[in-house]
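The residues making up each chain are set out below.
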Amino acid sequence: MIPERLRFLVDTRGVPYRLAEVFVEAGYQLYLVGGSVRDAFLGGDNSDLDFTTDARPEEIEATLEGWADSIHKVGAVFGTIGAVKDGTSIEITTFRDEIYRDDSRKPKVTYSDSIETDLERRDFTVNAIAVKLPDVTVIDPHEGVADLAARKLRTPMNPEVSFSDDPLRMLRLFRFQASIDFRPDEDALEAVRSMGERIEIVSAERIRDELSKMMVTEAPGDALRALVHSGLAEYFLPELPALGMEQDPHHRHKDVLEHTFAVVDKTSPDLVLRLAALLHDIGKPATKAVGPGGVSFHHHEVVGARIARKRMRALRYPKNVVEDVAQLVFLHLRPHTLKMGWTDSAVRRYVRDAGDLLDSLNELVRYDVTTAYPRRERAIQRRIEELERRIEEL
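Worth saying up front: this structure is predicted, and the values here are computed from it rather than measured. (Residues numbered from 1 in each chain as written. Predicted model: local features only at pLDDT ≥ 70, side-chain atom pairs only at ≥ 80, totals over all residues. Heavy atoms only, no water.)

(A) The arrangement of the packing of aromatic side chains in detail. Under the criterion given, the structure shown has 3 aromatic pairs. Ring centres of Tyr31 and Phe95 lie 6.0 Å apart, and the angle between their planes is 50°; on these two criteria the pair is classed as tilted. Note that Tyr31 is positioned in strand β1 (residues 30-33) and Phe95 in the loop between β5 (88-94) and β6 (96-99), a separation of 64 residues in sequence. Pair check on accessibility: Tyr31 and Phe95 agree, each one buried. Taken together, a centroid distance of 5.8 Å and an interplanar angle of 80° make the contact between Phe124 and Phe176 edge-to-face. On the criterion of sequence distance, the pair formed by Phe124 in the loop between α4 (115-120) and β8 (130-133) and Phe176 in helix α7 (residues 168-180) is long-range, its members being 52 residues apart. With a relative accessible area of 0%, Phe124 lands in the buried category. Accessibility expressed as a relative area gives 6% for Phe176, which makes it buried. The ring of Trp67 is capped by Lys85, whose NZ or CZ atom sits 5.0 Å from the centre of that ring. Geometry around Phe176 places Arg175 over its ring, the cationic atom sitting 4.5 Å from the centre. (Phe/Tyr/Trp six-rings, centres within 6.5 Å; stacked < 30°, edge-to-face > 60°. Helix = DSSP H or I, 4+ residues; strand = E, 2+ residues; numbered from the N terminus. Buried < 20%, exposed > 50% of the residue type's maximum accessible area, 1.4 Å probe, protein only. Lys NZ or Arg CZ within 6 Å of the ring centre and 35° of its normal.)

Structural data, given as structure tokens:
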């Protein structure tokens, strides 16, 4: 009996069933795989469909000709052909056996004739479940369905082998922790701790894309914490773990790193805003000073903006994202001077400096308050609300 959540696959009018008929008639196997299957089991969205086949890329293209409304070959070098049918986007990839060379920044792709080999080379067992079409037979050699039930992230092979094949999977471990709220297997975490430096062979663009996906999940704080504690962040975002050694006098109940995680979780899942929340205090270690009044971080927003700009450029973020994040970091302390009194011209200058980032800046400032003292928090929130009223009036 077919589980209810997979019944869309046997709809003879649906794209998966009709696609399978086309491939079987051409003499090829076809399987629904990866996130499509995982999300179907979890009861999620099925709009993005990923398939795998024993057909080679040129054979996939030939099979789709005359059936698909359009064909896209952007991923053909990696064995993937995209297509659109009746408004539904699909991707079909040849069975793969994909590994890195020791010094490579890009995967070396080789093809396989076996679905079992293809599944073994996937990142996690929950993504290594296939459904053969059109008869809807579940192929689950690595007990991914059981891991779905246990909400566990585990690699199909030994994690050292899996992460060596594609080191980006170490970062993807934490991205999936954030996006589907699963917990990494302890063996996988131990492998990350022991071989994290291998991520240095991965291109900055691939690291950036995984980090960006993590940052716009509902609540990435726990995954970011695990990323830092594993040691992996040291290799592409070293300024973040450095915050764990700084104690902010205004947040005595938590170090600056824990404060950062709290601010990230509170802000809206907008990439620029979340990156600014992640980086807003990275200037503190460089500006730390101890004086008669205790610890201070004077001008950390100025230093932090410069560090944020440098780090984001290294991760190959687009120029507009780099500049917007740096500007938010630079301005995030400005509203706190309201307690000293702002003139109308000062409010106008604040609005002008923030520009299109005004709403994001106000939100960052509002949530950059994680003090354990309710009276102080209420006072800060009142000042922010007063500033917003002044802006409306002006």
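(B) Broad picture of the sheet that holds strand β9 (residues 137-139). Read across the open sheet, the 7 strands follow the order β3-β4-β5-β2-β1-β8-β9; overall the sheet is mixed. Strand pairing shows two members of the sheet lacking a second neighbour, β3 (70-72) and β9, which therefore form its edges. In this sheet, neighbouring strand axes are inclined to one another by 30° on average, regardless of whether the strands run parallel or antiparallel. Relative to strand β4 (residues 80-85), β3 runs antiparallel, the two being bridged by 3 bridges. For Ile71, the partnering residue across the bridge sits in β4 and is Ala83. Contacts between helix α1 (residues 15-25) and the sheet are confined to β1, β2 (49-53), β4, β5 and β8, with β5 contributing the most and set at about 35° to the helix. Along the sheet face, helix α3 (residues 57-64) touches β2, β3, β4 and β5 and points at about 145° away from the line of β5. (Pairing = 2+ DSSP bridges. Axes fitted to C-alpha atoms, helices over the stretch in contact; angles between N-to-C directions. Contact = heavy atoms within 4.5 Å.)

(C) Empty space enclosed by the protein, seen in detail. Summed over all chains, the structure comprises 1 cavity of 30 Å³ or more. Looking at the largest cavity, the residues that line it are Leu211, Leu237, Leu275, Leu278, Leu279, Arg311, Met312, Leu315 and Tyr317. For the lining of the largest cavity, the secondary structure elements donating two or more residues are α13 (271-279) and α15 (300-314). In terms of residues, the lining of the largest cavity owes the most to one element, α13, which gives 3 residues. Split by residue class, the lining of the largest cavity holds 8 nonpolar, no polar and 1 charged. (1 Å grid on protein atoms, 1.4 Å probe; cavity = no way out; pocket = protein on both sides within 12 Å on 5 of 7 lines; lining within 4 Å. Points joined across faces, edges and corners; volume = space filled by probe spheres on them. Nonpolar A, V, L, I, M, F, W, Y, C, P; charged D, E, K, R; others polar.)

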